[in-house]
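Reading the structure
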Amino acid sequence: MGIYDLFVPRFKMDCHNMTNWSCNVLRACGIPAVYEFTPKWLDRDSKHYWCNSPDSTGIIQPYTAPGNNLREDWDSNIKYCGKVYRKTFGVQYNTPYFMAAEDEFVPEQFSTPLLSDQTFRYHQTITLRLPLLDNIDNNIAYICMFTTKGLTPVGWGKIDHRKSEIIFEQIPLNTLFFPVIFDGETMLEINEPFMILSSRLRKDIPEPLTVNEQQKKKLDISLVNGKLLVTGENKQSAGMKYITLKCDTTKKETLHLLRKYPEKRRLKALQERIKGSYILGSNKEKRDFDTLYILDYVPCPYFQEVEFKNDKKYRYYRFRNPDKKGVNIAHMEFLGRYSRNHKCSSPTPLPVFSKEQPEDKNQFLYRINGIPLNTGHNAADAFDGNYDTYVTTSSVGMDFGTPVQINRIRFVPRTANNGIVPGDSYALFYYANGWKKFKILYAENSYLDFKDVPYATLYWLRNLTTGKEELPFFYSNGKQYFLHTGTINESIY
């Protein structure tokens, strides 16, 4: 951004200030730019802000400034936004600022008239009319999304007292919302959480980032006796289903759980880069390396073992990325038979994911310890046993002092450590008119089995020992389906 960088260093700014600053600079240069944000990601607790500018066809496209071009971080980031709003210069009369009654509380982020709902550009959306089940004096109801700290309002709807209905505009498909009102500043849930389920892209709703304005004839849907009907036509809307969380406490099931939060998209991409990496051996520190193994698969986000054929002894061993990109290794161990000339110890056990999995018992296998090679910044972090640290140098390695025969490595790629951690305690909650604590278990292995859990609802696993990232999930056919992160399957509900 030129001279502005001298006065406002990027590393000292959050995305809100960065977006505001970037929009001002772009406008000063004659480039059209608008400021938009999501109050909450679909799979994270936080909010995010970004810029938008028109492409060569005139369609407004998002980008997180200043490090991205138009739509460059759409697939990796912005497409996972929740509801989306634009900060405007002109007054918008369909905002809570004007719609609320005189003494009606309005959440702070919606207490401005300079706000325009732009969700229709980012998701396929509908207008949804829900029946008003109770006598309510409020003019506005809100939709909230889950966070680990409680529900966060992300949108609003107009209460029509004459028709006894709540009208929510621009409701994204396949997104779980909690409808609420405010009594003073106290949030009250007024109905079951709901989701408008659609297993495919709809042809009667514009796809994301293809239009700048809403259709004049929007898809207007009313909930009548649990069915979605096209408003005014009394016919059922094809291809959509209204889903609620109705826990069946008379049925029980066993939950076999492996994670408290799904694998992150960015970490998956980094793991894919590790494929093709070399395991090398040499008796000279920086040259004459023999290739012992080429990693021919994308590593999983767990501690794992690679066995390779090696009949020679080498003093130096390296793990190197073929493209000279960061290896992104959190921890690595070199294994072989016991050597009297080296410091040997028991290797870190491989993770156990079920009772049926055979135990890791190899009494002839030892971890051979040496001195980490200085291959770059913090290269020794790859051998510190801490899965929360990682190495971004293009290679890591070990100097064993004298030659030694290594024929296995164990390693874990960079990870957020959101699997089940042995030694930590976990609490399972299930949703039944609010979150109910089911049970606390101590993790002895890399899995948890909760028995006799109420059936067919939303679950939430919390690590009581450490960590912050958690996301509710559905459970079906022995598998976790984290909210908003996978393919929607009607059988889950």
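Residues numbered from 1 in each chain as written. Predicted model: local features only at pLDDT ≥ 70, side-chain atom pairs only at ≥ 80, totals over all residues. Heavy atoms only, no water.

Considerations on the overall build of the protein chain
When helices and strands are counted, the protein chain shows four helices and 33 strands. If you take every contact in the protein chain between residues at least 6 apart in sequence, the share linking residues at least 24 apart comes to 68%. Surface accessibility of the protein chain: about 25,000 Å² in total, with carbon and sulfur atoms responsible for 47%. In the protein chain, the 64 positive side-chain charges and the 55 negative ones have mean positions that sit 5 Å from each other. (Helix = DSSP H or I, 4+ residues; strand = E, 2+ residues; numbered from the N terminus. Contact = heavy atoms within 4.5 Å. Areas by Shrake-Rupley, 256 points an atom, 1.4 Å probe, with all protein chains shown as cover. Lys, Arg positive; Asp, Glu negative; His and termini not counted. Charge placed at Lys NZ, Arg CZ, Asp CG, Glu CD.)

Focus on the packing of aromatic side chains
One pass over the structure, following the stated rule, counts 34 aromatic pairs. Seen from their ring centres, Trp 435 and Trp 460 are 5.2 Å apart, and the 65° between their planes marks the pair as edge-to-face. With Trp 435 in strand S29 (residues 435–442) and Trp 460 in strand S31 (residues 459–463), the pair connects residues that are 25 residues apart, well separated along the chain. Classification of Trp 435 as partly exposed rests on a relative accessible area of 24%. Through successive ring pairs, a cluster of aromatic residues spans Tyr 35, Phe 37, Tyr 49, Tyr 85, Phe 105, Phe 110, Tyr 142, Trp 156 and Phe 182. The cationic tip of Arg 44 hangs over the ring face of Trp 41; the distance from NZ or CZ to the ring centre is 4.1 Å. (Phe/Tyr/Trp six-rings, centres within 6.5 Å; stacked < 30°, edge-to-face > 60°. Buried < 20%, exposed > 50% of the residue type's maximum accessible area, 1.4 Å probe, protein only. Lys NZ or Arg CZ within 6 Å of the ring centre and 35° of its normal.)

A word on the environment of Gly 157
The topology assignment puts Gly 157 in strand S8 (residues 150–160). Gly 157 has contacts with Met 99, Asn 139, Ile 140, Ala 141, Ile 166, Ile 167 and Phe 168, leaving out every residue within four places of it along the chain.

Thoughts on the nonpolar core
With 56 residues, the main nonpolar core has Leu 255, Leu 428, Phe 450 and Leu 461 as its most contacted residues. Top contributing element to this core by residue count: strand S28 (residues 425–431), with six residues. In this structure, Phe 450 is in contact with Glu 253, Thr 254, Leu 255, Leu 257, Tyr 426, Leu 428, Phe 438, Lys 439, Leu 441 and Leu 461, ignoring residues within four places of it in sequence. If you look at the next biggest cluster of nonpolar residues, it comprises 28 residues, including Leu 130, Ile 136, Phe 168 and Leu 173. (Core = buried A, V, L, I, M, F, W, Y, C linked by side-chain atoms within 4.5 Å.)

Thoughts on the pattern of salt bridges
In the structure shown here, the tally under the stated rule is 20 salt bridges. Asp 399 is the partner of Arg 315 in a salt bridge, and the nearest nitrogen-oxygen pair spans 2.8 Å. Here Arg 315, found in strand S21 (residues 314–320), pairs with Asp 399, found in strand S26 (residues 395–404); they are 84 residues apart in sequence, far enough to count as distant. Among the residues examined, Asp 399 registers a relative accessible area of 15% and is labelled buried. The partner of Glu 470 in a salt bridge is Arg 462, and the shortest N-O contact between them spans 3.0 Å. In this structure, a network of salt bridges that share partners links the residues Glu 305, Glu 307, Arg 408 and Arg 410. (Salt bridge = Lys/Arg side-chain N within 4 Å of Asp/Glu carboxyl O.)

Brief notes about helix H2 (residues 15–28)
Three or four residues apart is the spacing at which side chains of an α-helix point the same way, because the helix has 3.6 residues per turn. The terminal C-alpha atoms of H2, which comprises 14 residues, lie 20 Å apart, in line with the 20 Å expected from a rise of 1.5 Å per residue. Met 18, Thr 19, Trp 21, Ser 22, Cys 23, Val 25 and Leu 26 are the residues of H2 that are buried. Just downstream of H2, Gly 30 is the residue with a positive phi angle, here 85°. (Expected span 1.5 Å × (residues − 1).)

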